[in-house]
Amino acid sequence: MTETRHIRIFDTTLRDGEQSPGASMNLTEKMEIAQALVDLGVDVIEAGFPIASPGDFASVGEIARTVRGATVCGLARCSEADIDRAWEALKQAERPRIHVFLATSAIHREFKLRMTREEIIRRAVAGVKRAVQYCDDVEFSPEDAARTEHDFLCEVVEAAIAAGATTVNIPDTVGYTTPAEMGSCIAMLKNRVPNIDRAVISVHCHNDLGLAVANSLAAVENGAGQIECTINGIGERAGNCSLEEIVMAMKTRHDRFGCDTKINTRRLVPTSRLVSTITGLQVQRNKAVVGRNAFAHEAGIHQDGMLKERTTYEIMRPEDVGFARTDLVLGKHSGRAALNDRVRALGFHLTGEQLQRLFDEFKELADKKKEIYDGDIVALVDQQLLGIASGEWQLAAFEAACGTGRTPRAKLTLRRGEQEFTEELATGDGPIDAAFFVVEKITGVKLSCRAFEARSTSIGRDAQAEATLEVEHQGATYRGRGVSTDTVEATVKAILNAVNRITMTKQ
């Protein structure tokens, strides 16, 4: 029997994933995701690009200091300043890795770098050697490798390994290649690079043509030992290889790939929800593995088959990826133990203090609606974990009115510390627009709404509404999120959540 190969999972949600438009995160949010990735079982966390900004440097440094159980990686160009900065951020990590990169394709050489092949090899070797002076775990990426001439790619990879690279990553930077091409490229490197056995081959596939997962699987079939991916497939442009999809493809088709990972697949759905909540990038309902419809069966012939034998139409069990098998309904008579049991079944781990605050909010919600579903609980947990309900400005009370032929009106009472501020305005195109004007008047923070969405967190007419929005303030973009059984109240909370993010950045 063929021995099972271990495939390393390199998660770049905090680096490449954050490059999704509107998906930037603050330090607290990055720390939450980093810990969730450790709980998930990823091998490597690419925490950021330390030289890119002071915020990136600080977040990589904090993750390196506090995260245990995974390699923490920082990205750097092949320049001394980048590499030195990366090490300064990573030096307290339990297992640090410096990831250096340099473009190699003809189009990048000519138009971006304006460098010859010989210059690129010298720069790549110098970058790897400098990184090796700091730590033993060094990864090298020839950017746009999928469009690089094979002879030159072999030459660069061999030189990087000789200089000390322990992982060589083959990126499909613009999502251009196909599975057959990616597979043959990895096989070619295995056959032609004489020192290839001294390094792990990695791939980093973008999804511009919807082929990132397929290309990554083709690489695995041909000898790659590491997959670079992100939660929910977020990232530049059309995103990256989706972690949950690549992991479950290898697990479900173990007969084909003969590979395993360290991923605790029951944490996939909770981690997906966390990243979606933090980034504001909603997961499409029909997304593979973690979408709300991934295990839904509506067609009669499918339902009939499922009742007779589950495997007729399900190749994975929902509980194996973190979906609850039943949507247990809780109510106002449910106790703290029942709530805690449900929270743990949904994949969350709360401290005693967090659980108590959650229980208090759960009781308040139970007085407003008869039945509380998993989606309601997840929304409440998110507020606890991410501090959505905290901040300088809090909603104390609100009134809103509108109607055909009437000017919308909003009256808000906001609390800041021990002080309360009340304003009422009749203006705008609706109660939400009016609420924006009132919040601006009380807080003094001018906002321009760029995106707004409201959706139900569960089922029923009394379901909680989850409002998410994106606002612009002084040229910068901020997200806000709020939850309530009243859609307008949820929106006001989302506006205040965005205002609190703005005020935090100015302190």
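Conventions adopted
- Counting of residues starts from 1 at the beginning of each chain's written sequence and follows it residue by residue.
- Reporting of local features is limited, given that this is a predicted model, to residues whose pLDDT is at least 70; pairs of side-chain atoms are given and counted only at 80 or more, and all residues count toward the totals for whole chains, interfaces and linings.
- The side-chain values count all of the structure's non-hydrogen atoms but skip hydrogen atoms and water molecules.
- Strands are runs of DSSP state E lasting at least 2 residues, helices are runs of H or I lasting at least 4, and numbering of each runs from the N terminus.
- Each reported salt bridge corresponds to a side-chain nitrogen of Lys or Arg within 4 Å of a carboxyl oxygen of Asp or Glu.
- Pairs were defined over the aromatic rings of Phe, Tyr and Trp, the Trp ring being its six-membered one, requiring ring centres within 6.5 Å. Orientation was assigned from the angle between planes: stacked under 30 degrees, edge-to-face over 60, tilted for the rest.
- Exposed residues in this analysis have more than 50% of their type's maximum accessible area, buried residues have under 20%, and partly exposed residues fall in between, with area computed by a 1.4 Å probe over protein chains only.
- A ring is considered to have a charge above it if a Lys NZ or an Arg CZ atom is located within 6 Å of its centre and within 35 degrees of its normal.
- Angles run from 0 to 180 degrees between N-to-C directions of axes, and those axes are lines fitted to C-alpha atoms, restricted for helices to the stretch in contact.
- What sets the label is the angle itself: under 35 degrees gives roughly parallel, over 145 gives roughly antiparallel, 65 to 115 gives roughly perpendicular, and the rest give oblique.
- Put simply, a crossing is left-handed when the front helix is turned counterclockwise from the back one by less than a right angle, and right-handed when it is turned clockwise.
- For this analysis, residues touch if any pair of their heavy atoms sits within 4.5 Å.
- Whenever a nitrogen or oxygen atom comes within 3.5 Å of another N or O atom, the pair is scored as a polar contact, on the condition that within protein one atom can donate a hydrogen and the other can accept it, and that pairs from neighbouring residues in sequence are kept only if both atoms are in side chains.
- An expected span of 1.5 Å times one less than the residue number is assigned to each helix.
- Following DSSP output, two strands are said to pair if at least two bridges run between them.
- The crossover handedness rule: strands pointing away from the viewer, path from first strand over the helix to second strand clockwise, crossover right-handed.

Student: Explain unusual backbone geometry here, please?
Tutor: Negative phi characterises most residues that are not glycine, and trans characterises most peptide bonds. Here the phi dihedral of Arg-237 falls at roughly 55°; this positive angle occurs in a residue that is not glycine. Of note, Arg-237 is situated in the loop between β9 (226-229) and α9 (243-252). Even without being glycine, Gln-474 reaches a positive phi, approximately 50°. Within the element layout of this structure, Gln-474 appears in the loop between β15 (465-473) and β16 (476-484).

Student: I keep staring at the pattern of salt bridges and nothing clicks. Help me out?
Tutor: Pairs can form between side chains of opposite charge whenever their charged atoms are close. One pass over the full model with this rule turns up 38 salt bridges. One network of salt bridges, in which partners are shared, links Arg-266, Arg-317, Glu-319 and Asp-320.

Student: Whenever I open this one, the packing of aromatic side chains confuses me. Can you help?
Tutor: The geometry of an aromatic ring pair is captured by the separation of the ring centres together with the interplanar angle, meaning the angle of the planes. By the definition in use, this model includes four aromatic pairs. Consider the rings of Trp-87 and Tyr-134, whose centres lie 5.6 Å apart with planes at 15°: the pair is stacked. Taken together, the residues Trp-87 in helix α3 (residues 80-90) and Tyr-134 in helix α5 (residues 117-134) connect sequence positions 47 residues apart. Look at Phe-359 and Phe-362: their rings are 6.2 Å apart centre to centre, the planes differ by 25°, and that puts the pair in the stacked class. Placement of the pair is Phe-359 and Phe-362 together in helix α15 (residues 352-368), with a separation of three residues, close to one helical turn. Looking at Phe-359, the relative accessible area reads 14%, which means it is buried. Lying over the aromatic face of Phe-57, Arg-85 brings its terminal NZ or CZ to 3.5 Å of the ring centre.

Student: Would you mind going over the packing of helix α8 (residues 212-221) against α9 with me for this structure?
Tutor: Describing two packed helices takes the angle between their axes plus the distance from one axis to the other. Between α8 and α9, the shortest axis-to-axis distance is 10 Å and the interhelical angle comes to 45°. Our classification of the angle between α8 and α9 gives oblique. α8 and α9 meet at a crossing whose hand is right-handed. The segment α8 lies against α9, with Val-213, Ser-216, Leu-217 and Val-220 engaging Glu-245, Ile-246, Ala-249 and Met-250.

Student: Any chance you could explain the side chain of Asn-240 here in plain terms?
Tutor: Checked against the element boundaries, Asn-240 lands in the loop between β9 and α9. A polar contact is formed between the side chain of Asn-240 and the side chain of His-206, at a distance of 3.5 Å. If we skip the residues at most four places from it in the chain, Asn-240 touches Asp-16, His-204, Cys-205, His-206, Asn-207, Ala-212, Thr-230, Gly-233, Ile-234 and Gly-235.

Student: Hey, could you run me through helix α2 (residues 54-66) in this one?
Tutor: For an α-helix, the turn length of 3.6 residues means that residues three or four places apart are oriented alike. The first and last C-alpha atoms of α2 sit 18 Å apart over 13 residues, in line with the 18 Å expected at 1.5 Å per residue. The inward-facing, buried residues of α2 abut α1 (27-40), β3 (44-48), β4 (71-77) and α3.

Student: Is there a simple way to think about the environment of Ala-146 in this case?
Tutor: Structurally, Ala-146 can be placed in the loop between β6 (138-143) and α6 (150-163). Judged by its relative accessible area of 27%, Ala-146 is partly exposed. Residues Ala-146 and Ala-454 lie 308 residues apart in sequence; the distance between their C-alpha atoms is 40 Å. For Ala-146, the residues in contact, after removing those within four places along its chain, are Pro-171, Asp-172 and Thr-177.

Student: Help me understand the pairing of β3, please; the structure alone is not making it clear to me.
Tutor: Within a regular strand, side chains alternate between the sheet's two faces. Burial runs high along β3: five of the five residues are buried. Alignment of β3 against β4, held across four bridges, turns out to be parallel. By the bridge assignment for β4, Ile-45 is matched with Val-72. Viewed along the sheet, the connection from β3 through α2 into β4 turns out right-handed.

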